[in-house]
Each structure stands twice: as structure tokens, then as C-alpha cells.
Amino acid sequence: MYPAQFDYRRAGSVAEALGLLQEHEDAKLMAGGHSLIPMMKLRLAQPPVVIDIGRLDELKGISEAGGGVRVGSLTTHADIAASDILAASCPVLAEAAGHIGDAQVRNRGTIGGNIAHADPGSDIPPVLVLLGASVHLQSPSGTRSVAAADFFQDLLMTDVGEDEILTHVDVPAQSAGTGSAYLKFEHPASGYAVVGAAASVTVHHGRCTAAALVVGGVGAVPTAVDVSSLIGSDLSDDAIADAASGLDTEDPIGDIFASGDYRVHVGKVYGKRALAAARDRA
Amino acid sequence: MTVSIQLEVNGKPVQAEVEPRRLLVHFLREDLGLTGANIGCETSLCGACTVLVDGSAIKSCTMLAAQADGTAVTTIEGLARNGELHPLQDGFWEKHGLQCGYCTPGMILSANYLLEQNPSPSDEEIREGLKGNICRCTGYHNIVEAVKYAAERMS
Amino acid sequence: MDRALEMIGYDDLCREQASRRGNGNGRRQLGIGFSSYIEACGLAPSAVVGSLGAQAGQWESADVRVHPTGSVTVYTGSSSHGQGHETTFSQIVADRLGVAPEAVEVIHGDTDLVQFGMGTYGSRSAAVGGSAIAGSVDKIIEKGKKIAAHLLEASAEDLEYEDGSFRVAGSPDRALGLGDVALQAYLAHNYPDDLEPGLSATTFYDPANFTYPFGTHVCVVEVDTETGSIELLRYAAVDDVGNVINPMIVDGQLHGGLAQGIGQALWENAVYDDSGQLVSGSLMDYALPKIHNLIPFELDRTTTPCPHNPLGVKGVGEAGAIASPPAVVNAVVDALAPFGVTHIDMPLTPEKVWRAVNAD
Ligand SMILES: Cc1cc2nc3c(=O)[nH]c(=O)nc-3n(C[C@H](O)[C@H](O)[C@H](O)COP(=O)(O)OP(=O)(O)OC[C@H]3O[C@@H](n4cnc5c(N)ncnc54)[C@H](O)[C@@H]3O)c2cc1C
Ligand code: FES
Ligand code: FES
């Protein structure tokens, strides 16, 4: 299968990439190409111009920044999964990245491409929403940041504007006493998440002081579950199960492998298990 | 339009003009005659097209030849040294790790990458590391044995 | 079955299963599934399949040529696409003719070179294709005896063939190697009057009967009753495929068949929508068995030679694929017995299992 014909431009800097985006209508940025090329091969995408940003070192890497961690948009899943910085201050992001596809996919795919593509079965979006990460975008007119929870708008739709490049993601460091976990129910064919549950809980003196649960794969965008009932509790299995059962999506997605009803059910079960795993790590 | 690319393939410099939409796997197979990288699925899932780009295992059906500009690519044809099989090739031979052989080049290159990262993997780590490669013949049993054999010989 | 029970440690598994069931039907149930099978393969006696409606016989052809150097080429109608015919067929010739396996070349699949044949299917290549090769080798030995008898001035009836040499019975020093005889067969100037030159033979072998491999497979699974997910824990198989020519290839065939059958039981699903459109048309939706979803297989065998073909082989290509789907499904249904589940259609997707667990 061949993609339709297109012109190829390789950007040498973010500024050049932004210029090329302005210059060519309907141009597509390409990072790792691991969502874009499959779409182009199936002719679901036929951009006239592809702007390869894959070599922009300025958008690569993981560093500590302002009490959190800054992850450049071109950082690969493999680098995220193996990052010591993330392992220390934000392990759940590394855990989720390690679940993506397979070794070859993780070597090419990037965090920026993953969230800009916003597949409902992606592993990264629920984790960023869970962590309260901010997504940073740059356009010719400046930079802005948007909360992960607002970034994902609908199926394959995000807040990235046509003239914008996603530069990095800022993730707050996990506070003391916090445990987190990402649990994935993998699709046996595609390897994407049928359901991916990201959870975190903070415990002080045996009592829960903060808790969060975000489930991917069930709705078009990551679904945050209200688990505030856990705050002040001792995080008993019953309390956790009760909180996770609050998962609710109006219009759950389904496919030939797993119907919407079933996904909601598994979302509750995995939500419960992810919360319990987070508790055990806190 | 065409793109000029310069890269190293199995240690030899290669220069070419390619269409932007030329996939690396087609470039390797059709332009360079390196037919070891197979095309098994076209949806980036079978791993038969796996090659090493700058030492990392990647699926060459999901990379443009243009993206490989400036890199060093290793295909199965580049693995043997001075006519001697690589320990992984030897392992697949000794342990009957292949039947039809279609998945084998990709399996071996993925396994090669795995052993670079983790020279003595457990069975479970081998199975996790090769999860991007599908084999329709062997049931994977002897593939795991072949990788263990190679790991031992390489250590 | 006795051997399979021993391999899998059946009594311990039953205890483990009972304790999980006793535990208020906890969420991880253990299931043990059996499948004992007998297969009719080695397709097939031409008259029988004809009477069943097949409009062609299912014989197989082999042309075996011993060259003047003593090396051998086999042309077989049974083509290989990974089943290892090159190895197995070389071994058949090497064993019977007493030559090194390296001296035997096997040619298949090229209709420019190979005589008409029937092909590889129905676990038939060794039983039918291999028997055709054995037939040709036997013809070559018979002819070689006549040539050797002439050269050794003995009677062909007094000649024995062993380890690549024609010997006069009782006089061990009167012997000629296969290579010498082959060379003389082609020079053919000092040669029996009534014999054609050359040393090759073609056989079209029509089997006398089907062959009947059998065995018992045991599969152990853990079912997560909350989600319906199935995890394979153990798989043991004891098969009787008749004489084994190459154990590694036979095991490899079983491994592949098991993956195929387990895939069918758990994942593989061709789905069409109401308008007839295939919606599982790529590997994004059609799930094949992958390496991280399978486990090492525990194999053993008994050997009961097939009585009606010259090699005593029965065939192994399909054994794994035949026995494994019922073993897997039975294991899952066994795990769910406390929930009153007695049947689930393949493939046993987690959703179907979950629905079965929760059916009223
Ligand atoms: C076989 C296979 C299995 C996979 N399995 C999983 C899985 O299990 N879980 C999972 O989460 N993902 C999975 N993926 C997707 C993978 O994570 C991709 O890498 C990711 O979705 C896209 O990242 P990319 O860098 O390859 O982006 P690209 O394909 O290059 O781009 C994707 C989209 O994002 C846009 N884009 C990219 N970078 C930027 C940027 N910096 N600014 C603005 N827009 C940008 C592009 O224009 C394009 O529209 C899988 C992919 C494959 C091929
Ligand atoms: S052909 Fe590249 S993954 Fe299948
Ligand atoms: S050996 Fe045939 S696909 Fe692996």
C-alpha cells in the first residue's frame, strides 16, 4: 500500500516548521509517523504536503522543570518508558508509555504525535488528564498552554490549531504519599487499549487526601470519574469499588471486539483495580 | 517531487532520489534488492518488515525512505559477519525457530534489538520484547528457544 | 491420556481448582480442559475419496534419481511451504539408501521440473509423499541389485543392500558401493542384457487406507470472571503420529498447529456486517495469536507405527490444530462450571465469557 503522492519538507527548526505550516494549506506535521503513515497508506489521510519535524532536537527530551517534569513533544515512547526522571517523579506516565504497542512502535512514536492524534485507544491521554498535565503549543503569534482535560475535544479532535505546533507537555511531580497506576486491557489485534485506567491516590496517616481516576477507551475522550468519595476514607476495597462504579459515559464507543456496554463494565473493573494498585504503591 | 537521501545500509553508503511516499521497506526491497525485509500486513502490526535504524528496531513499512536520510540501516542481509551466521541466525537454525521463514528476518532483528537492551532476558521478557512480530507457523515456542540460545552464545 | 494427566499434574490442579471454587467463587477461576481425538488423515485412498465425491484421487508422486556420483535428487509432488520436507524427505532417502542426508537434494514446487503431483495438505506429505519416495528408493535398490549382481558375478537374489553397499550374502568382501553401481548404471557397457541403463525410479503411490493419528491434549486456563479474560496457564499434549522421522520437525508442526487452534478458540474471528462487508479485514481487527499471549507447550508422544505404509508414519500437520480448540474451550467452560456455563461459541472473547458468566 502506498500513500497518495505528497510533497515532503523537512523542518530544521520550530520557526521553520511554523513558516511551512503557514505557507502550505492542509499540510500535515509528521513526528514519528506512526499514526500518520498508517492513515496515509489507507488513504484516510491525503495531505498535499508533509512537514517532517522528526529531527527537531529542541522538541526532544525529558527534564525537570519548575517542580515538575517537562517532556518534549518529540520524545519517543521508548525514551519516556525508560526515563529515570519520570520513574522518580511521575512513574505512571512511564508505565503507560511502556504499554504502547510494541518495541518497534515505541521506538518511533512520540508523545506529541500520540496526543495530537488522540486515538480513543491511546494510552497517554488518560494519564495526562489524571496528572493535570499542561500541553504547550506554539504558533507564529506566540505560545499558549492548555490543561490536558481541555485538550482532548472529541474522537481524534484536539485543541491544536491549524497553525500550531505542540512543543512540550508539563507534568506536575507526584507529591509525597502518592501512588499511581495505569492498567491496560489490550485489544488482541491492534494492541491499543480497549480500556486504559489511570489512577492515583495520596495517603497521609492512613487516610486518603486526594484521589483521581481517568479511564480511556470507553468514550471518545478520556473519562474522568468522580472519586471524591474516597477522600478521608481508608481506601478499603469496598470504598474503591464504589467510587470506580461511578464511571459514566453517555455514548460509549464499541467495536466488533468489545461493545460499549462491555467497555463501561471493564472500565469500572479496571478503574477499581488501578485505584487499588495506586493505593498499594502509595 | 523527489527527495535526495544519503544513508548507510549494512555498512555501505547509499545515495538515492526517492519519491516522498516511498516507504523504507519498498526502498530496501525494490531499489536496493534487499528482499530480506518482508511485507506481511501493511497495517504496521506483523513486524515482518522490521529492520534496525541507528540500532533501533523499527517497522520499515511505517517509515518513509525520506525519514531514513542520514541514518544507518541494518537488514537481515547485514547481520552475518565474514560468512559466519550471527548467533541469532544460528539459534533459529539450531532450534528450528522458523518454518516458512516469512517472519524470520523481522524476528531476528527484533530479537537482536532486545538482546542489545537486555542481554539475558527471561522467557517472559523475550515474549514481551518480540510482541511486535507475528509468526503464523511456529507457535513461537522454538523462537523463544532460539533467542535464549543466542543470548547464551553472545554472553 | 494417562501420560497427559501425569504431565499436567492433574490431582494437584483439581485441588487448586476446588480451593478456588470453595473460596466464594473468587474472581480467578481455574479450568482444566481435555480433548482426546482420533484423526483420519494421510489423504487418501483414491477409490475411497472418489466414492465420497472427490473427483480426483489423492495419490502422490516421487521421482528419485541417483546420479553417477552417487548423489541423489528427489522430485516430489508434495511441496513444502515450511513443513521441512527438504529435511524429512532427505532423511527418508538417507535412511533407506544409506547415504548422507547432505547427498540428497529435494526439489518441489516447481512445475517446470517436477512431475505431476497432488501437494501438501491433510497431514499427508510424509505418509503419502514420503511413501512414494520410499517406493522409488526400493525400486532403485532392486535395480541396483541386478547391476551389482552382474558386476560381482553373483545372483541378484543373493545380494543384500546395507549401509549404502550391495553385498553378496555370506561373502562380505564381495561388495560394491552405491556410487560404483550408479556409475556403472550410466556407463552401462558392462551391464545386464535385459536391463535399461540409468538409476532412477518414479512412483505414484496410492495409499491403502487413511492414517489415524490420535492423542490427548490438556489445557489449563485461568478465567477472570469479572472481565471474562482468559489466561493460558499450561498446555500439555501427548500425540501418536506413528513413526517419527525428525522429532524437531514433528514438534514444530505441533507447536504451530497448537497456536493455530488456540487462536481459533480464543481470538480469530472473521466478521461481516449486515451488508456483507468484511469488518475484520486487517490485523487491526483480526486477532492472531501473538507471542505474549501464548505459552511454552509441553509435548510428549507414544509411537504406534502405521501398519499399511512403508514408513509407518501417520502425519502430524493438523494434530495440534485439531485437538486444541476443544481443549481450550473445555478448559474455559470447566472454569465457569460454578456459574452454570456449559457452552460458549468460539472465539471465546472476553465479552462473550463475561456475558455467559452473567447470564440468568
Ligand atoms: C502498530 C501500532 C500500534 C500502536 N499501539 C498503540 C498503543 O497501544 N497505544 C497508544 O497509545 N498508541 C499506539 N500507537 C500509536 C502510537 O503511539 C503513535 O506513535 C502515536 O499515536 C503518534 O505519534 P507519532 O509521533 O508517530 O505521530 P505522527 O503519526 O507523526 O502524527 C500523528 C498526528 O499528530 C500530528 N502531530 C504530530 N506531532 C505534532 C506536534 N508536535 N504538533 C502538532 N501536531 C503534531 C500529526 O500532524 C498527525 O496528525 C500504535 C501505532 C502503531 C503503528
Ligand atoms: S509489513 Fe510492516 S508491520 Fe507488517
Ligand atoms: S516461520 Fe512462517 S511466519 Fe514465522
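Cut-off values and rules
Residues numbered from 1 in each chain as written. Chains lettered and ligands numbered in written order. Predicted model: local features only at pLDDT ≥ 70, side-chain atom pairs only at ≥ 80, totals over all residues. Heavy atoms only, no water. Helix = DSSP H or I, 4+ residues; strand = E, 2+ residues; numbered from the N terminus. Rg over C-alpha atoms; globule rule 2.2 N^0.38 Å. Buried < 20%, exposed > 50% of the residue type's maximum accessible area, 1.4 Å probe, protein only. Contact = heavy atoms within 4.5 Å. Lys, Arg positive; Asp, Glu negative; His and termini not counted. Charge placed at Lys NZ, Arg CZ, Asp CG, Glu CD. Pairing = 2+ DSSP bridges. Axes fitted to C-alpha atoms, helices over the stretch in contact; angles between N-to-C directions. Near = heavy atom within 4 Å. Polar contact = N/O pair within 3.5 Å; in protein donor to acceptor, adjacent residues only side chain to side chain. Nonpolar A, V, L, I, M, F, W, Y, C, P; charged D, E, K, R; others polar. Patch = residues over 30% accessible without salt bridge, like charges linked within 9 Å, V, L, I, M, F, W, Y side chains within 5 Å. Areas by Shrake-Rupley, 256 points an atom, 1.4 Å probe, with all protein chains shown as cover. Salt bridge = Lys/Arg side-chain N within 4 Å of Asp/Glu carboxyl O. pLDDT = per-residue confidence, 0-100. Expected span 1.5 Å × (residues − 1). Buried area = accessible area lost by both parts, 1.4 Å probe.

S.K.: I'd love a proper account of the overall build of chain B, names of residues and values included.
M.R.: Scanning chain B from terminus to terminus reveals 5 helices and 5 strands. Shown N-terminal to C-terminal, the secondary structure of chain B runs as helices and strands in the order β-β-α-β-β-β-α-α-α-α. Here the C-alpha atoms of chain B give a radius of gyration of 15 Å, agreeing with the 15 Å that 2.2 N^0.38 yields for 155 residues. With the principal axes as the frame, chain B shows a C-alpha extent of 45 × 30 × 25 Å.

S.K.: Please set out the overall build of chain C residue by residue, giving values where relevant.
M.R.: Looking only at helices and strands, one finds 9 helices and 11 strands in chain C. Against the compact-globule benchmark of 21 Å for 360 residues, chain C has a radius of gyration of 26 Å, which places it well outside the compact range. If one aligns the C-alpha atoms of chain C with their principal axes, the spans along those axes are about 85 × 50 × 35 Å. Across the 360 residues of chain C, 53% fall into the buried class. Restricting the contact set of chain C to residue pairs at least 6 apart, pairs at least 24 apart contribute 71%. Between the centroid of the 21 positive side chains of chain C and the centroid of its 46 negative side chains there is a distance of 4 Å.

S.K.: With reference to specific residues and values, describe the sheet that holds strand 10 (residues 229-240) of chain C.
M.R.: All names here are of chain C. With respect to topology, 4 strands assemble into an open sheet ordered 1-9-10-11, the strand pairing being mixed. The open sheet has two edge strands with one neighbour each: strand 1 (28-38) and strand 11 (298-301). On average, each strand axis in the sheet is inclined to that of its neighbour by 15°, with strand direction left out of account. As defined by bridge partners, strand 9 (residues 214-224) adjoins strand 10 across 11 bridges and the pair is classed as antiparallel. Bridge pairing in strand 10 places Val 218 opposite Ala 236.

S.K.: Help me get a handle on the site of ligand 1, residues and values and all.
M.R.: Around ligand 1 sit 30 residues in total, of which Leu29(A), Ala31(A), His34(A), Ser35(A) and Thr110(A) are the nearest. Looking at the residues close to ligand 1, they fall on chains A and B. In this structure, an oxygen atom belonging to ligand 1 sits 3.1 Å away from a side-chain N or O atom of Lys28(A). Elements with a contribution of two residues or more to the shell around ligand 1: strand 2 (28-30), helix 7 (111-117) and strand 10 (165-172) of chain A. When residues in the shell around ligand 1 are grouped by element, the largest group, 4 residues, is from helix 7 of chain A. Its residues placed into classes, the shell around ligand 1 shows 12 nonpolar, 15 polar and 3 charged.

S.K.: I'd love a proper account of a nonpolar patch on the surface, names of residues and values included.
M.R.: Taken together, Met1(A), Leu42(A) and Leu44(A) make up a surface patch of nonpolar side chains, about 290 Å² in accessible area. Topologically, Leu44(A) is positioned in the loop between helix 2 (36-41) and strand 3 (49-52).

S.K.: Before we move on, could you go through the confidence of the model for chain C and cite the residues and values that matter?
M.R.: Should pLDDT be low for a region, the predicted coordinates there are not to be read in detail. When the pLDDT values of chain C are averaged, the result is 96; 100% of them are 70 or greater. Confidence estimates for the predicted assembly give a pTM of 0.97 and an ipTM of 0.98.

S.K.: Kindly report on the pairing of strand 3 (residues 50-53) of chain B, identifying the contributing residues and their values.
M.R.: Residue and element names in this part refer to chain B. Both faces of strand 3 are covered, namely the face carrying Thr 50 and Leu 52 and the face carrying Val 51 and Val 53. Of the pairings in the sheet, the one linking strand 3 to strand 4 (residues 56-59) comprises 4 bridges and is antiparallel in character. By the bridge assignment for strand 4, Val 53 is matched with Ser 56. Hairpin connection of strand 3 to strand 4: 2 residues between the antiparallel strands, including Asp 54 at a positive phi of 45°. One ladder, built from 2 bridges, connects strand 3 with strand 5 (residues 72-74); its direction is antiparallel.

S.K.: Could you give an account of helix 7 (residues 247-266) of chain C, with specific residues and numbers?
M.R.: Residue and element names in this part refer to chain C. Given a rise of 1.5 Å per residue, 20 residues ought to cover 28 Å, and the 28 Å separating the end C-alpha atoms of helix 7 matches this to within 8%. Across the 20 residues of helix 7, 15 count as buried, placing the element largely inside the fold. Between the side-chain oxygen at the start of helix 7 and the backbone nitrogen of Met 248 there is a gap of 3.0 Å, and the oxygen is on Asn 246.

S.K.: Any chance you could break down the interface of chain B and chain A for me, citing the residues and the numbers?
M.R.: Put simply, an interface is often sized by how much accessible area is lost when its parts join up. Listed by partner, the interface residues are 32 residues for chain B and 31 residues for chain A. If you look at where chain B meets chain A, you find 4 salt bridges. Salt-bridge contacts for Asp69(B) lead to Arg10(A); the nearest nitrogen and oxygen are separated by 3.1 Å. For the pair chain B and chain A, the number of links is 17 residue pairs in polar contact (both at pLDDT 80 or more).

S.K.: So, the interface of chain C and chain B: which residues are in play, and what are the values?
M.R.: With 24 residues of chain C in contact, the opposing surface of chain B contributes 22 residues. Carbon and sulfur atoms make up 62% of the surface buried where chain C meets chain B, a total of about 2,100 Å² over both sides. Between Arg136(B) and Glu268(C) there is a salt bridge whose closest N-O contact spans 2.7 Å. Across the contact surface, chain C and chain B share 7 residue pairs in polar contact (both at pLDDT 80 or more). Grouping the constituent residues of the side of chain C that touches chain B by class yields 13 nonpolar, 9 polar and 2 charged.

S.K.: Report on unusual backbone geometry, specifying residues and quantitative values.
M.R.: The step from Leu43(C) to Ala44(C) runs through a cis peptide bond, and the omega angle for that step is -10°. If you trace the backbone, Ala44(C) turns up in the loop between strand 1 and helix 3 (46-51). In this chain, Met346(C) is followed by Pro347(C) through a cis amide linkage whose omega measures -10°. You will see that Leu156(A), though not glycine, has its phi angle at about 60°, which is positive. Here Leu156(A) shows up in the loop between strand 8 (152-154) and strand 9 (157-158). We classify Leu156(A) as partly exposed; its relative accessible area is 40%. A positive phi angle is found at Glu42(B), which is not glycine, with a value near 75°. In this structure, Glu42(B) sits in the loop between helix 1 (24-31) and strand 3. What makes Glu42(B) buried here is its relative accessible area of 16%.

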